[in-house]
Amino acid sequence: MEDARPQMRTMGHVALHYPGKEAGPLAARLLNVIGFVETQKLPLPDGDFYRFVVDERHSKRGDGIIYLSTVPAAQAALIAAAREALGHGTPQAHPAIAGLRAALDGDPEYSFHVGALLDSLEELERVTLALQALEDSDPAFKGRLSIIVNRPRPGDADIDARLDASPVFGGVTRFAYGRNGVQVFVETDLLSSGPLGESMVLELDYVFPGKDSHILSVVEL
Ligand SMILES: [Fe+2]
């Protein structure tokens with residue numbers, strides 16, 4: 001008999017990796033500071049395996065999940081071989097390495113990244129200030145977090161005024177690819193991604209209510 005319920009699909013999970021056992025607790029703490037909820041920590045020889053959910057309401061569900069574990073051995077071996085072959089970290093490094101770095105510095109969305117949506121601008125501001133404080137004042141995170149902020153192009157007087165008065169978004173001159181929303185990017189080497197496993201970007205977004213066209217609904221260049 002056919003199921004009469006309307007079908008629904010959601011994003012289920014993403015599996016992130018930290019680059020070696022010692023980075024595990026710091027990567028997990030970073031996800032905690034962002035506000036993701038740790039629901040499981042499974043000790044493993046190469047580093048703990050974590051299950052996070054983006055929101056408490058996903059704790060028992062099969063979606064909204066972020067798994068976090070160490071870079072698997074075969075992947076770590078390939079990254080090491082690729083880095084060696086390209087002279088990574090040496091004066092003779094292949095120029096393509098600096099090329100990708102420059103592209104990421106210009107636009108944190110240039111390469112693989114994962115975005116989470118918050119429904120409170122105040123919460124996004126609180127999290128962003130907490131991340132900035134962590135980078136500024138905690139030696140374990142010093143130099144390991146890079147935070148970049150985008151606001152929408154000016155045009156909506158209420159939104160512009162709200163963001164001008166914000167401790168996070170006031171004075172920001174970087175703009176999103178769209179309207180009516182803001183983006184906070186956190187690049188960290190506590191997570192491994194990209195061709196040489198160097199870092200990963202997490203994106204945190206907020207969309208102003210009541211707008212059909214916003215940064216996540218329509219891409220505008
Ligand atoms: Fe993005």
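Rules used throughout
- Residues numbered from 1 in each chain as written.
- Predicted model: local features only at pLDDT ≥ 70, side-chain atom pairs only at ≥ 80, totals over all residues.
- Pairing = 2+ DSSP bridges.
- Helix = DSSP H or I, 4+ residues; strand = E, 2+ residues; numbered from the N terminus.
- Axes fitted to C-alpha atoms, helices over the stretch in contact; angles between N-to-C directions.
- Contact = placed C-beta atoms within 7 Å.
- Core = buried A, V, L, I, M, F, W, Y, C linked by C-beta atoms within 7 Å.
- Buried ≥ 20, exposed ≤ 12 C-beta atoms within 10 Å, placed from the backbone.
- Expected span 1.5 Å × (residues − 1).

K.L.:
In this structure, what is going on with the sheet that holds strand β7 (residues 181-193)? I would like to understand it.
P.N.:
Spatial strand order, β5-β8-β7-β6: four strands in an open sheet with mixed pairing. Either end of the sheet is taken by a strand with one partner, and the two such strands are β5 (113-118) and β6 (145-150). Geometrically, the sheet is characterised by an average inter-axis angle of 20° between neighbouring strands, direction not taken into account. One ladder, built from six bridges, connects β6 with β7; its direction is antiparallel. Across the sheet, N150 pairs through a bridge with Q183, a residue of β7. Lying on the sheet, helix α4 (residues 121-137) is in contact with β5, β6, β7 and β8 (199-207); it crosses β6 at an angle near 150°.

K.L.:
How should I be thinking about the nonpolar core in this particular structure?
P.N.:
Soluble globular proteins tend to bury their nonpolar side chains together. Core analysis: the biggest nonpolar cluster contains 37 residues, and A27, L31, F36, F52, I66 and L68 have the highest contact counts within it. Elements that contribute at least two residues to this core include exactly β1 (13-18), α1 (24-34), β3 (49-53), β4 (65-70), α4, α5 (157-164), β7 and β8. The contact partners of I66, leaving out residues within four places of it in the chain, are H13, V14, L16, L31, F36, F52 and V54.

K.L.:
Mind showing me how you'd approach the sheet that holds β4 here?
P.N.:
Strand pairing in a sheet relies on backbone hydrogen bonds, with the paired strands running either antiparallel or parallel. Across the sheet, four strands lie side by side as β1-β4-β3-β2; this open sheet has mixed pairing. Looking along the sheet, the strands with just one partner apiece sit at the ends: β1 and β2 (37-42). When the angles between neighbouring strand axes are averaged without regard to direction, this sheet yields 20°. Sitting on the sheet, α1 touches β1, β2, β3 and β4, and the angle it makes with β4 is about 160°.

K.L.:
Where do I start with helix α3 (residues 95-106) in this structure?
P.N.:
With 12 residues, α3 extends 17 Å from end C-alpha to end C-alpha; this agrees with the ideal 16 Å at 1.5 Å per step. Counting buried residues in α3 gives one out of 12 residues, a small share hidden from the surface.

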